[in-house]
Amino acid sequence: MSIYRLFKRKILVFSTILLLLLSALVLLGFLFIHLGYGSSSIIYEYRFNRIMAASLVGLILGLTGALLQSSLRNPLVDHYILGIGSGGVFAVMLFYLVSSATAALALLTIVAGIGGLAALIITIMVAEAVGGSDVAYVLAGIGVNSMFSGASLLLSYIVASKNPFIAYALVGSFVAVDPGWIPLLIFLSILSFILYIFTAKPLNALLIGDEYAAQQGYNPRVARLLIVLLSGVIGASVVACCGLIGFIGLVSPHIARLLLGTSDNRMVPVIAGIVGALLLLLSDNFSRLILAGPFLVSVGEVPAGAIVSLFGAPFFLSIMIRRFRGRGA
Amino acid sequence: MKPSDIVVDVKSAGYRNKLVFENLRIKIPSGKITALLGPNGSGKTTLLKMLFRRIKYSGKILIGFKELAEMSNREIARLISYMGEIALPDMMGLKVFEALLISRSSLYRGLIERQEDIREAEAVLRELGIEHLSERRLDELSSGELRKVVLGMALIKHPKYLLLDEPDSHLDMLSRIEISRIIKKYSGRTTIIIATHDPVFAVNTAEYFVLLRDGRVVDEGNLERIVGNKSIEKTFGVKLKYIYEDNRLVGIIPIYD
């Protein structure tokens with residue numbers, strides 16, 4: 001018995017380590033701003049909101065990314081690859097175009113969720129029409145992604161007069177953080193955590209196979225579709241806050257599986273969530289420091305989404321190479 | 001009829017555009033190993049899948065006096081284990097021990113397995129003689145090793161009914177014999193149904209036989225009956241030579257002419 005590490009112990013060890021890292025990072029974030037600009041309570045509040053927002057978005061994207069990968073049984077997907085995020089951004093842009101007033105964030109979130117859902121449904125339909133393989137999903141996602149991000153880019157020029165920060169939605173940034181984001185992101189985090197609790201066991205059965213899941217008492221098609229749609233919509237909703245952030249949902253589950261040495265869905269989504277929070281917070285800190293801050297005198301900053309893509313995209317390519325090298329495909 | 005027999009009385013069953021069974025009546029005795037023997041496409045897998053409601057049917061299926069249609073998913077999951085081919089390239093690195101624990105997940109509520117489940121997993125590994133595979137990834141196993149693990153995943157729930165879809169496929173001779181030996185160990189405790197198209201594996205493993213061809217029952221009964229009736233020949237449409245050793249049927253050879 002002693003050679004098998006138990007679920008409880010494993011997850012406890014890793015979440016403690018990662019949470020410690022996360023708090024160190026939070027501390028570092030505060031420290032940097034202190035060094036750079038001196039301490040003002042306004043700046044502290046801004047910093048706090050920004051750190052919270054980046055961690056929570058990372059948590060949501062990492063967790064739901066793990067659920068997406070497991071339910072589609074496809075390690076190559078996340079919100080960005082499947083075009084869900086772009087669908088959300090497009091819906092937000094469209095909403096700004098037709099509505100004159102500045103909308104409430106909650107309403108925008110719902111709009112983004114609907115946009116993401118629409119994009120996801122298109123991707124699934126196209127991918128399933130051509131056989132539903134893992135590559136089919138990636139290719140269908142690229143198509144849907146390009147379509148929506150192209151349209152969003154176009155709209156962003158028109159909408160910019162109504163919301164000067166709207167261009168950030170295309171790349172994903174925490175510059176325009178607002179205190180109103182925090183309760184919304186906490187709500188979405190709780191939603192994704194509830195989704196994880198109810199789907200961990202069926203996802204494990206689905207991992208082994210559809211027939212097997214059916215025999216364990218789950219309807220594989222219904223369960224899969226439900227989990228994909230729910231995790232897709234939750235992931236898409238966050239673009240209403242910080243815009244489109246790719247690759248966090250793709251990379252975090254891989255790191256979690258690597259750390260845990262397993263793909264057990266009772267552990268992977270939680271650790272993927274914490275890893276996602278860490279990665280995005282790190283990227284956001286980095287995005288602030290690379291141009292501004294104590295190192296350089298220039299003003300302005302790089303969007304966090306750009307930093308994430310910079311590291312995430314090569315990672316995605318390496319996963320793809322590893323996956324297909326053995327197959328000869 | 002014993003209280004835990006399986007009684008199939010189905011008017012029709014099949015897939016959306018293909019009817020597999022019409023007026024199918026079979027009784028499968030409890031506590032024994034039954035072989036569903038027939039050529040490819042005879043309906044063996046469909047019949048197995050009907051027994052845990054994976055395939056829609058009209059008519060009646062009684063599992064131990066209980067109507068299958070009235071049982072809950074959870075009840076079926078606890079009572080019945082089905083094992084067929086499992087999809088490997090998509091496993092994303094699941095290990096043998098984890099796969100065994102996952103197979104017990106319908107037996108406990110909540111996310112965390114109990115000590116008891118871990119003990120069961122270890123017991124199954126011992127019983128199948130695959131303790132050394134425990135920390136290996138499923139996608140790194142040979143097909144013989146994988147078959148044993150899959151069998152372990154079915155056995156770990158201690159199901160009352162064990163449905164095995166071609167447990168002998170893609171196996172070398174020794175592995176077939178080992179699998180057969182393991183299955184026979186569970187006879188008496190469990191009602192086991194094996195779908196196979198290999199008569200040699202069937203006669204050396206099972207005690208009761210249901211012979212299927214094109215969705216119809218050619219014959220059913222014990223070994224003497226199906227050999228006496230020349231039912232295996234009728235089922236597969238070939239001539240056969242039977243080999244006996246110490247009055248026991250040990251081999252069946254198809255005659256090529």
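Everything in this summary refers to the structure shown in the same document.

The rules we used
Residues numbered from 1 in each chain as written. Chains lettered and ligands numbered in written order. Predicted model: local features only at pLDDT ≥ 70, side-chain atom pairs only at ≥ 80, totals over all residues. Heavy atoms only, no water. Helix = DSSP H or I, 4+ residues; strand = E, 2+ residues; numbered from the N terminus. Buried < 20%, exposed > 50% of the residue type's maximum accessible area, 1.4 Å probe, protein only. Areas by Shrake-Rupley, 256 points an atom, 1.4 Å probe, with all protein chains shown as cover. Contact = heavy atoms within 4.5 Å. Buried area = accessible area lost by both parts, 1.4 Å probe. Salt bridge = Lys/Arg side-chain N within 4 Å of Asp/Glu carboxyl O. Polar contact = N/O pair within 3.5 Å; in protein donor to acceptor, adjacent residues only side chain to side chain. Pairing = 2+ DSSP bridges. Expected span 1.5 Å × (residues − 1). Patch = residues over 30% accessible without salt bridge, like charges linked within 9 Å, V, L, I, M, F, W, Y side chains within 5 Å. Lys, Arg positive; Asp, Glu negative; His and termini not counted. Charge placed at Lys NZ, Arg CZ, Asp CG, Glu CD.

## Quick word on the overall build of chain A
Of the regular secondary structure elements, chain A holds 13 helices and 0 strands. Moving toward the C terminus, one meets the helices and strands of chain A in the order α-α-α-α-α-α-α-α-α-α-α-α-α. Counting only residues that meet the buried cut, chain A has 56% of its 329 residues in that class. Surface accessibility of chain A: about 13,600 Å² in total, with carbon and sulfur atoms responsible for 76%.

## Examining the interface of chain A and chain B
Tallying the contact residues gives 34 residues for chain A and 39 residues for chain B. Roughly 3,200 Å² of surface becomes buried between chain A and chain B when both sides are summed, with 55% attributable to carbon and sulfur atoms. There are 3 salt bridges connecting chain A and chain B. The partner of B:R54 in a salt bridge is A:E211, with the nearest N and O atoms 3.1 Å apart. Connecting chain A to chain B are 12 residue pairs in polar contact (both at pLDDT 80 or more).

## Thoughts on the environment of A:A119
All names here are of chain A. Within the fold, A119 resides in helix α4 (residues 105-129). Along the sequence, A119 and R73 sit 46 residues apart, while their C-alpha atoms lie 19 Å from each other. Ignoring any residue separated from it by four or fewer positions in sequence, one finds A119 in contact with G83, I84, G87, V144 and F148.

## So, the pattern of salt bridges
Residue and element names in this part refer to chain B. Per the counting criterion, the structure on display carries 22 salt bridges over all chains. Among the ionic pairs, E75 bridges to K66, the shortest N-O distance being 2.3 Å. Between E116 and R114 there is a salt bridge whose closest N-O contact spans 3.8 Å. Here the salt bridges do not stand alone but share partners, grouping R104, R114, E116 and D117 into one network.

## Brief notes about the pairing of strand β9 (residues 208-213) of chain B
Buried residues dominate β9(B), accounting for 5 of its 6 residues. Counted along the chain from β9(B) to the antiparallel partner strand β10 (residues 216-221) of chain B, the turn is 2 residues long, and its residue B:D214 has a positive phi close to 50°.

## Quick word on helix α11 (residues 248-260) of chain A
Residues and elements named next belong to chain A. Taking 1.5 Å of rise per residue, the 13 residues of α11 would be expected to cover 18 Å, and the 18 Å separating its terminal C-alpha atoms lies within 8% of that figure. Here α11 lies mainly inside the structure; 10 of its 13 residues are buried. Listed as buried for α11 are I248, G249, L250, V251, S252, P253, H254, A256, R257 and L260. Positive phi shows up at G261, right after α11, with a value of about 70°.

## Quick look at the sheet that holds strand β2 (residues 18-28) of chain B
All names here are of chain B. Read from one edge to the other, the open sheet built from 4 strands follows the order β2-β1-β4-β5, with strand pairing classed as antiparallel. Of all the strands in the sheet, the pair left with one neighbour each is β2 and β5 (66-67). Bridge count for strand β1 (residues 6-15) against strand β4 (residues 57-63) is 7 bridges, and the pairing is antiparallel. Across the sheet, V10 pairs through a bridge with G59, a residue of β4.

## What about a positive patch on the surface?
Residue and element names in this part refer to chain B. On the surface, a cluster of positive charge is contributed by R181, K184, K185 and R248. It is helix α6 (residues 173-185) that contributes the most residues to the positive patch, 3 residues altogether. Of note, K184 is situated in helix α6. Using a relative accessible area of 40% as the deciding quantity, one classes K184 as partly exposed.

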